[in-house]
Amino acid sequence: MNINKVYYLLLIFVFAFQTTFSQNKYEVTKTDKEWKSQLNELSYLVLRKAYTERPYTGKYDDFYEKGTYHCAGCDEPLYKSDHKYNSYCGWPSFDREISDKLEYDVDYKLGYPRTEIKCKKCGGHLGHVFNDGPKETTGIRHCVNSVALVFKKT
Ligand SMILES: [Zn+2]
């Protein structure tokens, strides 16, 4: 077997592996069409296209009932009301997530790196994480779009 053949086979292997890996990355996967029919327009744009809802417009911004916030895409519990606080930034803010429920990514949309947070189960975009959270707890602020969440009373 000459070296070109080996290289060619290796390429095929890498592409096959990448395709398999990306398809299995999330436990919940749907086509764009399926997401569109399941979600309302704004939730779809935020969760699947990484849009941001306008500040001070989300229904959970000024909302402090006791319960759990689930992913609006796949219903996975992501945040507890005990960790929600008012950061006055215009979006629901939490000082931590429920352990191991999020995926972190880097987003350069505004020209500088920001830490993007996604639901680990379906890959839905939730918002961003900043280091200006409450100093007396974690110092971290999860800035989350209301439309990416569904609140459930406990
Ligand atoms: Zn999800």
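Here, every reference points to the structure presented above.
Figured I'd write up the structure that's included with this text. (Residues numbered from 1 in each chain as written. Predicted model: local features only at pLDDT ≥ 70, side-chain atom pairs only at ≥ 80, totals over all residues.)

Focus: helix α3 (residues 41-49)
Right, so step 1: Of all the residues in α3, the buried ones are Ser 43, Tyr 44, Val 46 and Leu 47.
Right, so step 2: Looking at the buried positions of α3, the neighbouring elements they touch are α2 (32-38) and β7 (125-130).
Right, so step 3: One or two steps after α3, the chain reaches Ala 50, where phi turns positive at roughly 60°. (Buried ≥ 20, exposed ≤ 12 C-beta atoms within 10 Å, placed from the backbone. Helix = DSSP H or I, 4+ residues; strand = E, 2+ residues; numbered from the N terminus. Contact = placed C-beta atoms within 7 Å.)

Here's the deal with the pairing of strand β1 (residues 67-71)
Right, so step 1: In this structure, β1 lies alongside strand β9 (residues 149-153), joined through five bridges in antiparallel fashion. From the neighbouring strand, Thr 68 faces β9, where its bridge partner is Lys 152.
Right, so step 2: Of the strand pairs in this sheet, β1 and strand β2 (residues 77-80) are connected by three bridges, and their pairing is antiparallel. In the sheet register, Tyr 69 faces β2, and the bridge partner there is Tyr 79.
Right, so step 3: Connecting the antiparallel pair β1 and β2 is a turn made up of five residues, with Asp 75 showing a positive phi of about 75°. (Pairing = 2+ DSSP bridges.)

Regarding the sheet that holds strand β8 (residues 141-144)
Right, so step 1: In spatial order, the strands read β3-β4-β8-β7-β6-β5; together these six strands make up an open sheet with antiparallel pairing. Edge strands, defined here as strands with exactly one partner in the open sheet, are β3 (84-85) and β5 (102-107).
Right, so step 2: One ladder, built from four bridges, connects strand β6 (residues 114-119) with β7; its direction is antiparallel. Along β7, the bridge assignment pairs Lys 118 with His 125.

Some points on the sheet that holds β9
Right, so step 1: The strand order across the open sheet formed by three strands is β2-β1-β9, and the pairing between neighbours is antiparallel. One side of each edge strand has no neighbouring strand; the edge strands of this open sheet are β2 and β9. Recorded for the sheet is a direction-independent mean angle of 30° between the axes of neighbouring strands. (Axes fitted to C-alpha atoms, helices over the stretch in contact; angles between N-to-C directions.)

Observations regarding the nonpolar core
Right, so step 1: In this structure, Ala 72, Cys 119, Val 144 and Ala 148 are the most contacted members of the largest nonpolar core, which totals 23 residues.
Right, so step 2: Of all the elements in the fold, those that place two or more residues in this core are α3, β1, β2, β6 and β8.
Right, so step 3: The element best represented in this core is α3, accounting for three residues.
Right, so step 4: Discounting residues that sit within four places of it in the chain, Val 144 has contacts with Trp 91, Pro 92, Phe 94, Leu 126, Gly 127 and Leu 149. (Core = buried A, V, L, I, M, F, W, Y, C linked by C-beta atoms within 7 Å.)

Considerations on unusual backbone geometry
Right, so step 1: For Ala 50, which is not a glycine, the phi torsion comes out positive at approximately 60°.
Right, so step 2: Residue placement: Ala 50 occurs in the loop between α3 and β1.
Right, so step 3: Taking the C-beta count within 10 Å as the criterion, Ala 50 has 18 such neighbours and is therefore assigned partly exposed.
Right, so step 4: Even without glycine at this site, Asp 75 takes up a positive phi of about 75°.
Right, so step 5: Its place among the elements puts Asp 75 in the loop between β1 and β2.

A short note on the environment of Pro 55
Right, so step 1: Tracing the backbone through its elements, the reader meets Pro 55 in the loop between α3 and β1.
Right, so step 2: The exposed category is assigned to Pro 55, around which 12 C-beta atoms lie within 10 Å.
Right, so step 3: For the pair Pro 55 and Leu 149, spaced 94 residues apart in the sequence, the C-alpha separation amounts to 15 Å.
Right, so step 4: In contact with Pro 55, other than residues within four places in its own chain, are Gly 90 and Trp 91.

Observations regarding the pairing of β7
Right, so step 1: In this antiparallel pair of consecutive strands, β6 and β7, the connection spans five residues, and Gly 123 shows a positive phi of 80°.
Right, so step 2: Judged from the four bridges that link them, β7 and β8 form a sheet pairing that is antiparallel. Counterpart to Val 129 in the pairing with β8 is His 142.

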